[in-house]
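Remarks on the overall topology
Now for the letters of each chain:
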Amino acid sequence: MPAQVLEPVFSYGWPIVFAVFAASGFILGWAAQRGNYCFVNAMTSIFTTKSFERFGALLLLFGLSALGTGLLVATGFIPSSDQFYFNYFGGWYILVGSTIFGFGAALAGGCNLSMLYRAASGYVQNWIELFGMMIGTYIFAIGIWPFQLFTMEKGILSTTAGGYVEYLPYLIFHSVSNEAVLLTTLMLAIPLIFLGIYLQIYTKRKWNKVARGERGIPGIFAVPKLGNSLGLPSPTVLPEKVKLSKEIKDLILLRKPYGTNLTTVILALDIILVFIVGAGYTFNYLVITSSDGGRFFEYIMMMFGQNLFITTPWFNDSLPIVDTSTLMVVMLCVGAFTSSFLSGDFKIRIPKDRRRLLIGFIGGILVGIGVRMALGCNVGLMWTNFAQLGYDGIIFLFGMLSGVYLAVKVQERL
Amino acid sequence: MYLRKVLAPLVLSLFAMGWYRFSEVYIVGSDQIALCHGNYAVYVIPAQLDGYLVANLWICYSLVFVGLSMFWYNLVKYVKDKGFLTEGKGSIDLAFPLAIAAEIIALFTIGSSIIGGDMTIRLAGYTCLIACLMWFWYSLVNIIKVRTLA
């Protein structure tokens, strides 16, 4: 049985750990806002426009994260216990929770990551979704958690432990040696990376055909090829070197949004940074509002003299008063606000159709219930679990896809 | 549009101060309550809580500094664009670097208990301060030049 011990890998102390997690939250918020990175949009576009470009980027993100963390463990730089220590339980609740989450997030118009950066960019609907998520967490804590905990303790359609039990190298090779981790990393990460790249190329080819007029967009007639038959002056073609330096300048000066793949690489590097710095100290992955929706609700109630951690299930056994994710979430909002402010995107936006606010609130409640049932959100569980070399992320991915598909079908009928 | 640009950085600075104050009062207080109730699932050990507060304090200082700098920058742009300063146009160019220099001095005075003798941080501060003063001198020379030519 592998040792489940957590010892700091580097001896710099807690202030540095908190500061780096805060910086990584800032980077996450900044990059996601600039790249308009949304897990739900990536999945919705599969079912609406049949576009796999953003979904391909997601698979690329999972693959790169798994490759980065896996290689760090396989080369002995980070102990394997730091990779599997925070693997949660796995069971029915992940599939059910992720489906509810996908449905709610697609209704509300954003996953947990995009909800936060859009809220910080002035989208009122996402403020309402955030509030709905807090209420959803409370409903979950009172109504669902005691039952879920019972099934987890008794092992009903659930594992009774996390950690190495859910670690793929241990499940496949019954070992957490460097070789086992390396092989598992390559088996998991390489196909994800190739599939992600393939889906992006496939979508680009499809859209190029549409642009050339060879193929119509589903449900739309083929776009006629115009060429230069209208006698319009053709734009001056810039040399490649000049084009690239202009592109870089525009990105730095926030004149242009980041491309999907640039954002993907930044986010993958971000999770690897946190994985190294937090090793042995804390949950060394990116974790967004999934638990912090509950924590911030707890903070609001504190100001009214109510301590939910004394009186309420889930709040009393699942969350420390404060941890690295608290600062990460706060700084994510600050990063998103700063980038939207500096680029001139920041604006308080209230939807003209006020029904969107109600839908956002209901979607937010479902998101709150879903992420708590699944023991994490699209970032804190799905993306993170790929980097942990676990299998819960795969279950979450399929559950979320089915939830998003249901929401698309429901919205088509509304 | 201008109101948003001027006010938003101030809101950011106020949020940073509010968040730190909240952490100091409510989070530390709640941790004590959790300890008194023997709830070790939510209790945070002192080393970790101190680490949080120290990092939070520095983040607070940085955000206040960045927020105020953005506020000054946008205020100057606003005043210039509105044409409020037609006669004494140069005074705002002189006041801007001085205001930022004053902010840096205030930041380091407040944070001296944490910085202690850390020369790396102090050197960064001195560099910023000197840059602000050079900026001030540059603006002053520019104004004198423009007035002489006029």
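How each quantity is defined
- Residues numbered from 1 in each chain as written.
- Chains lettered and ligands numbered in written order.
- Predicted model: local features only at pLDDT ≥ 70, side-chain atom pairs only at ≥ 80, totals over all residues.
- Heavy atoms only, no water.
- Contact = heavy atoms within 4.5 Å.
- Buried area = accessible area lost by both parts, 1.4 Å probe.
- Salt bridge = Lys/Arg side-chain N within 4 Å of Asp/Glu carboxyl O.
- Polar contact = N/O pair within 3.5 Å; in protein donor to acceptor, adjacent residues only side chain to side chain.
- Helix = DSSP H or I, 4+ residues; strand = E, 2+ residues; numbered from the N terminus.
- Domains from an automatic or database assignment.
- Axes fitted to C-alpha atoms, helices over the stretch in contact; angles between N-to-C directions.
- Parallel < 35°, antiparallel > 145°, perpendicular 65-115°, else oblique.
- Left-handed = near helix turned anticlockwise from the far one by under 90°.
- Nonpolar A, V, L, I, M, F, W, Y, C, P; charged D, E, K, R; others polar.

As for the interface of chain A and chain B
Interface extent is often summarised as the accessible area lost during association of the parts. Between chain A and chain B, the residue contacts involve 30 residues of the former and 31 residues of the latter. Taken together, the two surfaces of chain A and chain B that pack against each other cover about 2700 Å², and 81% of this comes from carbon and sulfur. Inspection of the region where chain A meets chain B yields zero salt bridges. The tally of links from chain A across to chain B stands at three residue pairs in polar contact (both at pLDDT 80 or more). Of all the secondary structure elements, the ones that give two or more residues to the side of chain A that touches chain B are α1 (14-35), α13 (292-302), α14 (308-311) and α15 (324-343) of chain A. For the side of chain A that touches chain B, the element with the highest residue contribution is α15(A), accounting for eight residues.

Observations regarding the domain arrangement of chain B
Residues and elements named next belong to chain B. Examined at the domain level, chain B breaks down into domain 1 (1-65) and domain 2 (85-150). Counting from both sides, the interface comprises four residues of domain 1 and, opposite them, eight residues of domain 2. Together, the buried faces of domain 1 and domain 2 total about 650 Å²; carbon and sulfur atoms form 82% of this surface. When residues of domain 1 are sorted by the area they lose upon contact with domain 2, Trp-58, Tyr-61 and Phe-65 head the list and together hold 89% of the total. Where domain 1 touches domain 2, the interface holds zero salt bridges. In this assembly, domain 1 and domain 2 are joined by zero residue pairs in polar contact (both at pLDDT 80 or more).

A word on the packing of helix α6 (residues 112-120) of chain A against α15(A)
Residue and element names in this part refer to chain A. Here α6 crosses α15 at 50 degrees, and the two axes come no closer than 8 Å. The orientation of α6 relative to α15 falls into the category oblique. Helix-helix and strand crossings are classified by hand; for α6 and α15 the assignment is right-handed. Between α6, through Leu-113, Leu-116, Tyr-117 and Ala-120, and α15, the contact on the second element is made entirely by Val-329, Leu-332, Cys-333, Ala-336, Phe-337 and Ser-340. Split into classes, the residues belonging to the contact of α6 with α15 amount to nine nonpolar, one polar and no charged.

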